[in-house]
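Architecture at a glance
Spelled out from the first residue to the last, the chains are:
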Amino acid sequence: MNRVLIKQVLGTLRENPLLSLISIVGTALAIAMIMALVIAYEVKSAGYRPETNRHRTLYVTRGNYVKPQSNSSSYNSFRLIKEVFYPLATPQTVTAVSSGNERLISIPAGRNEYKADVCYTDERFWNVFEFRFLAGKPFTEEDVQSGIRKAVVNESLARGLYGTAEVVGKPVLVSFVEYTVCGVVPDVSTFALSAYAEVWTPHTTTTFHPNMETEDTTGNFCCYILARSRSDFTAIREEAARSVKQFNANLRDGTYELNGQPETHFLSIYRQGNEQANGRGIVLRYAIVLAILLLVPAINLSGMTLSRMKKRMPEIGIRKAFGATSGRLLMQILYENLLLTLIGGALGLAISYLAVAFMSDWLLVTETVSMREGAASLSAEMTVNPMVFIYAFLFCLALNLLSAGIPAWRTSRANIVHAIYGD
Amino acid sequence: MFTQIIKVIWSQRAGNAWIWAEIALVSVCLWYIVDDLYTRITLYASPLGYDITGVYAIDLRTITPENEQYRPQEEYGASLGDDLLTIVSRIRAYPGVEAVGISAASLPYTYARNYSHLRRVNYETGDTLPSGTMRNYFATPGYVNVFRYATQEGATDVLAGSLRPNYRIITSDAAGKMFPEGDATGKLMFYNDDSIGVYVAGVMNPIRFGDFDAYTPTYIRLLEESVIAAELNEFIFQGIDITLRAGPGADKDFAANFRKEMQTQLRYHNIYMLNIRSFADIRARYIRGDVNETKMYLAGVFFLLVNIFLGIVGTFFFRTERRLGEMGLRIALGSTASNLRTLLIGEGLLILLFAFIPAAVISLNLGMQEVTDVETMPFTATRFFLCQGIAFVLTALMITAGVWFPSRKVITLQPAEALRYE
């Protein structure tokens, strides 16, 4: 059966090269565009090192301090995270992260000076995010408690400063203050924006000037909450709301508001300031775009499949005359067509990977990502993901049903006598 | 000929239905994208109200108390503000620097923004007068020179000179909103929570945050050096921006040279220079998202047009093959090659017309329901017809190209040979 099927498909392909080409190009173009979107979306939202746990992390990126007549929105202060989110009992762990701090990095008596993004954080950071250490290890709770100047640096910076990645124990100047390197990690792509930095140090090694206008509730920190599983999300949100309520009781003039946070990774990437993203709206938009990308070529291909089927009417009639049921013919036509679709689909997926590789600058980079110094690099781990192949297959299946469904149904139901005459 | 084409289309209705449906769907999508691109490009092409060529941002930071070099300001006998002013005067003295500005939350291509609500009061009648929310720029006169904000007549220096305490320079769109009756200069405005009024110092051209942003009513308020000297602390320091305009003689190495030569001079007391960035670079990063989105839409146009092309080629390929007999007969009866081609293209374009009319009705409804971007530009008849026109022409071109290819086969046909098919 399978060999016959393949022969049949090859025969169809050869019979009319131009039409075959049009079908394959049409399918490939549709699948390429769809998969470029899917891969871009996966890079934005799937879990990969060091943000392996995106699916079970909750995000608090904005802080909003509200007084009658005015409100002030920014990141959160460390004090707020310490008093509101650190004590939460449900999560596995909670980290406070101040990233995107630009500092000058150099070595004592060194000639090279780099502007780098420094992340000030706590020891829990290394549990929420899964880094692979090339050398050394992260700083510890004791280091953070006592403000010991240790730093984890990325590989490029280590090589730029010392010409080697073996720099553990060596000094590094962060805006003229001396730190000791305790670990080296591979460069983090700016697509992993929450974990991204070039240097990571304990937040206690620097001074963050408190914003007294907001009673030290807003500041420079984001909070990432790692849940044991997604099913804990609701409980964590409820606990956080209670915690904020308690915290607000001690504020003098205003209140701190969560504005829908802690929220999932999906909602946090689309958040605009104080406004939580409209998740449904975004999904709907994606769905409409995907539907158009499928529907337009499907109508095209339908017309062509129908023409092709007309030519094969006598064959269908003979098959029927020999006892093939409508259902069997329907499946056969769909199978044949699926093979054609898969040829186009494979080509399309290959094109989409090329597009993502060579045009990642415009397919993936957003304003937020481009504000950082580091490279928006892509790795195989981020893009070659079993889900991508499953999606690609599902979209081919959908395209096949849309484009061959009606022709197959009509053909398989044709009257035997008319079919044999090719009417 | 017209009725002939209609007859042909009707007799082929089964095959035409598919291409008709496709063209109708694509027309709506194409209109949506063209409309979006149209608003973007119109906005992009309209004036910004300022000029960033040769403008650089100097990123200054303060060292923290952990630093061995850190001293409390009292030990230096100067305030942090005094030190900042010293640094600014050093920057001003650097060869090739035309102007230096100090400002807070007032830069184009950035996200730090402050807004204030201003109103007018008529004490005699107690009437409600126009009021409005404006973006609030807080800057020195040097800043006006750095970005070359200008009056309608193009005067920058006059504008910079008019910046005084209790006076505000307002943009012409703000002036139009607040003082619809005419000249705004010298008029009085009030802040919402304040009974002390401020005067309009002058009116400047309207401005936008960036190339893809709409105009925002804005005013500039004077940032006095004496205030900087007295009130600047380390927290406020983080929100202060220093910008400079390099003269026409500055080359592309300006930033690198500046950094090399000024690094030690700008390391003063507790302040140091982190970086110097050109506004060309700041702009590129800021508009990145919009540029990418525009490219995305262009890719969408490409996708739709290619599909129309493929659909037409596919449909007409089979059709002409099956109609070779008819075509042969036409040739035998005296039709010329161009007659036949016109007939085929006419068929394609007429199908387009039939598909386009319902599509335009759908598009119009979508437009009326504000599905498209109406924040930057109102949905007007001109905008609708122009974008529909562009979408129509693009589709028509694709259809003509799509019919051209299969029609080649027909017009090279010899009458005798063609008649054999019959």
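Residues numbered from 1 in each chain as written. Chains lettered and ligands numbered in written order. Predicted model: local features only at pLDDT ≥ 70, side-chain atom pairs only at ≥ 80, totals over all residues. Heavy atoms only, no water.

Focus on the overall build of chain A
The helix and strand tally for chain A stands at 16 helices and 13 strands. Against the 2.2 N^0.38 benchmark of 22 Å for 423 residues, chain A shows a C-alpha radius of gyration of 29 Å, more extended than a compact globule. The contacts in chain A between residues at least 6 apart in sequence include a share of 77% that link residues at least 24 apart. Accessible area of chain A: about 19,000 Å², with a carbon and sulfur share of 57%. (Helix = DSSP H or I, 4+ residues; strand = E, 2+ residues; numbered from the N terminus. Rg over C-alpha atoms; globule rule 2.2 N^0.38 Å. Contact = heavy atoms within 4.5 Å. Areas by Shrake-Rupley, 256 points an atom, 1.4 Å probe, with all protein chains shown as cover.)

With respect to the nonpolar core
By size, the foremost hydrophobic cluster in this structure holds 102 residues, and its most contacted members are Met35, Phe125, Phe131 and Trp200 of chain A together with Ile23 of chain B. A total of 13 residues in this core trace back to one element, the largest contributor, which is helix α11 (residues 279-322) of chain B. Those residues in contact with methionine 35 of chain A that sit more than four places away from it in its chain are Leu349, Ser352, Val388, Tyr391, Ala392 and Phe395 of chain A. (Core = buried A, V, L, I, M, F, W, Y, C linked by side-chain atoms within 4.5 Å. Buried < 20%, exposed > 50% of the residue type's maximum accessible area, 1.4 Å probe, protein only.)

Focus: the packing of aromatic side chains
Enumeration according to the criterion identifies 42 aromatic pairs over all chains in this entry. Relative to phenylalanine 254 of chain B, the ring of tyrosine 56 of chain B has its centre 4.9 Å away and its plane inclined at 35°; by these criteria the two rings are tilted. Here tyrosine 56 of chain B is found in strand β1 (residues 55-62), whereas its partner phenylalanine 254 of chain B is found in helix α10 (residues 254-262), with 198 residues between them in sequence. Comparing tyrosine 56 of chain B with phenylalanine 254 of chain B, the two get one shared label, buried. Ring geometry for tyrosine 137 of chain B versus tyrosine 143 of chain B: centroids 6.2 Å apart, planes at 90°, classification edge-to-face. Exposure remark for tyrosine 143 of chain B: the relative accessible area of 0% places this residue in the buried category. Among the aromatic residues, ring-to-ring pairing joins Tyr59, Phe125, Trp126, Phe129, Phe131, Phe133, Phe139, Trp200 and Tyr224 of chain A into one connected group. The ring of tyrosine 215 of chain B is capped by arginine 208 of chain B, whose NZ or CZ atom sits 5.5 Å from the centre of that ring. (Phe/Tyr/Trp six-rings, centres within 6.5 Å; stacked < 30°, edge-to-face > 60°. Lys NZ or Arg CZ within 6 Å of the ring centre and 35° of its normal.)

Some points on the domain arrangement of chain A
All names here are of chain A. Along its sequence, chain A is carved into domain 1 (2-48 + 279-421) and domain 2 (63-258). Relative to domain 2, the C-alpha centre of domain 1 lies at a distance of 45 Å. If you look at the interface, domain 1 gives 14 residues, while domain 2 gives twelve residues. Carbon and sulfur atoms supply 61% of the area that domain 1 and domain 2 bury against each other, a total of about 1,100 Å² over both sides. Of all residues in domain 1, Val369, Arg372 and Glu373 bury the most surface against domain 2, accounting for 52% of the area lost on that side. Taken together, domain 1 and domain 2 are joined by zero salt bridges. Summed over the shared surface of domain 1 and domain 2, the result is zero residue pairs in polar contact (both at pLDDT 80 or more). Classifying every residue of the side of domain 1 that touches domain 2 by side-chain character gives nine nonpolar, three polar and two charged. (Domains from an automatic or database assignment. Buried area = accessible area lost by both parts, 1.4 Å probe. Salt bridge = Lys/Arg side-chain N within 4 Å of Asp/Glu carboxyl O. Polar contact = N/O pair within 3.5 Å; in protein donor to acceptor, adjacent residues only side chain to side chain. Nonpolar A, V, L, I, M, F, W, Y, C, P; charged D, E, K, R; others polar.)

Concerning the packing of helix α2 (residues 17-45) of chain A against helix α15 (residues 386-412) of chain A
All names here are of chain A. The interhelical angle for the contact between α2 and α15, taken along N-to-C directions, is 145°, at an axis separation of 10 Å. Pair α2 / α15 crosses with right-handed handedness. Only Met387, Val388, Tyr391, Ala392, Phe395, Cys396 and Leu399 of α15 make contact with α2, whose side of the interface consists of Thr27, Ile31, Ile34, Met35, Val38, Ile39 and Glu42. Taken together, the residues of the contact of α2 with α15 break down into twelve nonpolar, one polar and one charged. (Axes fitted to C-alpha atoms, helices over the stretch in contact; angles between N-to-C directions. Left-handed = near helix turned anticlockwise from the far one by under 90°.)

Section: the side chain of serine 189 of chain A
Residue and element names in this part refer to chain A. Locating serine 189 in the fold gives a position in the loop between β9 (177-185) and β10 (199-202). Residue classification places serine 189 among the buried residues on the basis of a relative accessible area of 9%. Excluding its chain neighbours within four sequence positions, the residues that come into contact with serine 189 are Tyr196, Ala375, Ala376, Ser377 and Met382.

Section: the sheet that holds strand β3 (residues 70-76) of chain A
Residues and elements named next belong to chain A. Ordered by their spatial adjacency, four strands build an open sheet running β11-β3-β2-β13, and the pairing between neighbours is antiparallel. The sheet terminates laterally at β11 (218-219) and β13 (255-257), the two strands that pair on one side only. Direction of pairing for strand β2 (residues 63-67) relative to β3: antiparallel, over a ladder of five bridges. Looking at β3, one finds that valine 66 is bridged to asparagine 71. (Pairing = 2+ DSSP bridges.)

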